[in-house]
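# Coordinate inspection notes
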Amino acid sequence: MSKLGQEKNEVNYSDVREDRVVTNSTGNPINEPFVTQRIGEHGPLLLQDYNLIDSLAHFNRENIPQRNPHAHGSGAFGYFEVTDDITDICGSAMFSKIGKRTKCLTRFSTVGGDKGSADTVRDPRGFATKFYTEEGNLDWVYNNTPVFFIRDPSKFPHFIHTQKRNPQTNLRDADMFWDFLTTPENQVAIHQVMILFSDRGTPANYRSMHGYSGHTYKWSNKNGDWHYVQVHIKTDQGIKNLTIEEATKIAGSNPDYCQQDLFEAIQNGNYPSWTVYIQTMTERDAKKLPFSVFDLTKVWPQGQFPLRRVGKIVLNENPLNFFAQVEQAAFAPSTTVPYQEASADPVLQARLFSYADAHRYRLGPNFHQIPVNCPYASKFFNPAIRDGPMNVNGNFGSEPTYLANDKSYTYIQQDRPIQQHQEVWNGPAIPYHWATSPGDVDFVQARNLYRVLGKQPGQQKNLAYNIGIHVEGACPQIQQRVYDMFARVDKGLSEAIKKVAEAKHASELSSNSKF
Ligand code: HEM
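Residues numbered from 1 in each chain as written. Predicted model: local features only at pLDDT ≥ 70, side-chain atom pairs only at ≥ 80, totals over all residues. Heavy atoms only, no water.

## Considering the overall build of the chain
Here is the rule we go by: Comment: elements are numbered from the N terminus, with helices defined as DSSP H or I runs of at least four residues and strands as E runs of at least two. In this description the radius of gyration comes from C-alpha coordinates, and the expected globular size is given by 2.2 Å times residues to the power 0.38. Relative accessible area decides the class of each residue, using a 1.4 Å probe on protein chains only: under 20% of the type maximum gives buried, over 50% gives exposed, and in between gives partly exposed. In this description, contact between two residues means that some pair of their heavy atoms is separated by no more than 4.5 Å. In these tables, accessible area is a Shrake-Rupley quantity obtained with a 1.4 Å probe, and a residue counts as shielded only by the protein chains included in the view. Only four residue types enter the tally: Lys and Arg on the positive side, Asp and Glu on the negative side, with His and both chain ends excluded. For the purpose of locating charges, the reference atoms are NZ of Lys, CZ of Arg, CG of Asp and CD of Glu.
Within the chain, the secondary structure is distributed over 13 helices and ten strands. On C-alpha atoms alone, the chain measures out to a radius of gyration of 26 Å, which is about the 24 Å that the 2.2 N^0.38 rule sets for 515 residues. C-alpha atoms of the chain, sized along the principal axes, occupy 75 × 70 × 50 Å. A burial count over the chain gives 47% of its 515 residues as buried. Taking all contacts inside the chain whose residues are at least 6 apart in sequence as the whole, residues at least 24 apart take part in 74%. As displayed, the chain has an accessible area near 26,600 Å², and 54% of this comes from carbon and sulfur atoms. Charge centroids of the chain, computed over 53 positive and 54 negative side chains, lie 4 Å from each other.

Put into structure tokens, the structure is as follows:
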């Protein structure tokens, strides 16, 4: 059987000629690339010119569906190194020993923009890392913000549509954007919206921002004890953000600014690194929280749940080929290793389905065989998962196509007792819509953030300015809903936003142009 995975960070060049003799895609030498077969020198072309057809037909199929969302991004390879023992929390092999290194790939992205969009737009940033561990691949598919806009997964396609283009004008649309976010039950997004419209919504580059699991995960140790866990990946370069003016200027002058920054930093040996921390919580503590531990719109107070250092991520290797190794990379929260599980957070549960489904559509059902996605450190063996389009790993040769217990297969039991004291879920199957929390619970952390911004010179002002400039594009009724929503955070903030929007409107009227 042929090799199942790649040992090195290389595209599979096994079909590539080393002598550099140019051929068509079936390996037949091409004498001259620019001749076309035709009748006479200037006559019509002949259908028999396979080399021309080969080239034109492949060109038409060069593009694959872009990710929806997070279409635009950049990536690099590196490693994770354990700096502190957390085996009391997690039994995963990657954490087994201080100093242990695991190879990884990280892809940073924006969310709403198309594949060719500018790097410095206001948007959350994706921070997805694939670890090639000996227990199989592990994907941490995180963002650069610790909270998210929704906590009901059914809202996701609706929400993302409001961040994209209007179906008629094909333009980004301030009405759609704020209509969704100010609908009373969607105001659970307020904390994330505050982060997005602070200068943290325009990070200076991918190297100078943090990553957060956002979700609660469930990690366990080899004794069967488990904890709720949140992961924080803190930049060692220090946080650097752009003002709205800087971000807008760079988007115009160098839309690929962050791609260039990451690539050149690594090329010059200036390897970016991040320190990885976890917060842990017991089931008992979770019950005492003023919000649900599965509520993705809330952070865990660090005073109560301190950060504990785990290790570091260093990115030290640029991809050799962007399409092969970044565009075709497939990250999914369902790609996980023993001792790291998803919690019952409903958004996370929906994500367990959504990503691999997207990969089957975007890359095909054998996307695991694409070298960058191969679990090359553990290898893959399951002869019941075979065939399908673009099967290139030998397809398990003559192995039977089914698993049966009387065949000589090996099954690994996890090195831990059965966890009988897990959460027990019990209840009727009911339709449930997790709408607003009672009282002001959803606004408490947003208010705290506003206070924190007040301690950083100019940041409250920038927040109001960034929102005001954006909201000016919405109709008056929706603008009023925006002012009302931010008044629940702080009356002064609401008034400042209104002032900026009105001033922008007045200056546009006087210049009589939007441009
Ligand atoms: C119900 C909620 C969500 C759904 C259904 C969803 C779905 C998706 C889909 C379909 C993709 C494209 C995957 C691909 O084509 O490879 C994607 C990308 C991504 N999502 Fe989500 N998402 C959700 C929430 C979140 C949250 C809460 C986070 C962060 C905590 C997140 C982080 C990311 C990242 C980082 C990517 C880009 C991965 C890459 O670089 O390839 N998403 N999401």
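Next, the rest of the story.
## Describing the environment of Asn170
You can see Asn170 is positioned in the loop between helix H2 (156-163) and helix H3 (174-182). A sequence separation of 127 residues divides Asn170 from Gly43, and the C-alpha atoms of the two residues are 43 Å apart.

## Re the packing of helix H4 (residues 190-197) against helix H10 (residues 441-454)
For clarity, the cut-off: For helices, the axis comes from a line fit to the C-alpha atoms of the stretch in contact; other axes are also lines fit to C-alpha atoms, and the angle between any two N-to-C directions lies between 0 and 180 degrees. For classification, angles of less than 35 degrees are called roughly parallel, those exceeding 145 degrees roughly antiparallel, those between 65 and 115 degrees roughly perpendicular, and all remaining angles oblique.
As a packed pair, H4 and H10 sit with axes 8 Å apart at the nearest point and diverge in direction by 25°. Put simply, H4 runs roughly parallel to H10. Across the interface between the two elements, Ile190, His191, Met194 and Ile195 of H4 pack against Asp442, Phe443, Gln445, Ala446, Leu449 and Tyr450 of H10.

## Digging into unusual backbone geometry
Asn68 connects to Pro69 through a cis peptide bond whose omega is 5°. Turning to its location among the elements, Pro69 is positioned in the loop between helix H1 (50-60) and strand S1 (73-82). With phi around 70°, Lys379 is a residue other than glycine that occupies positive phi space. By secondary structure assignment, the location of Lys379 is in the loop between helix H9 (346-362) and H10. Here Met390, not a glycine, exhibits a phi torsion of approximately 55°, which is positive. Tracing the backbone through its elements, the reader meets Met390 in the loop between H9 and H10.

## Examining the coordination of the iron atom of the ligand
Selection rule: Metal-coordinating donors are taken as N, O and S atoms lying within 2.8 Å of the metal, or within 3.2 Å when the metal is Na, K or Ca; because water is left out, some sites can appear incomplete.
The protein supplies the iron atom of the ligand with one donor atom, Tyr355 (OH), which lies at 1.7 Å. Tracing the backbone through its elements, the reader meets Tyr355 in helix H9.

## Description of the UniProt feature "binding site: heme" in the chain
Counted only if it meets this: UniProt positions are given in the numbering used here, feature names are shortened, and annotations may be inferred rather than shown by experiment.
Here the UniProt feature "binding site: heme" sits at Tyr355. Its relative accessible area of 23% is what places Tyr355 among the partly exposed residues. Beyond its immediate chain neighbours, meaning those up to four positions away, Tyr355 contacts Val141, Phe331, Ala332 and Pro333.

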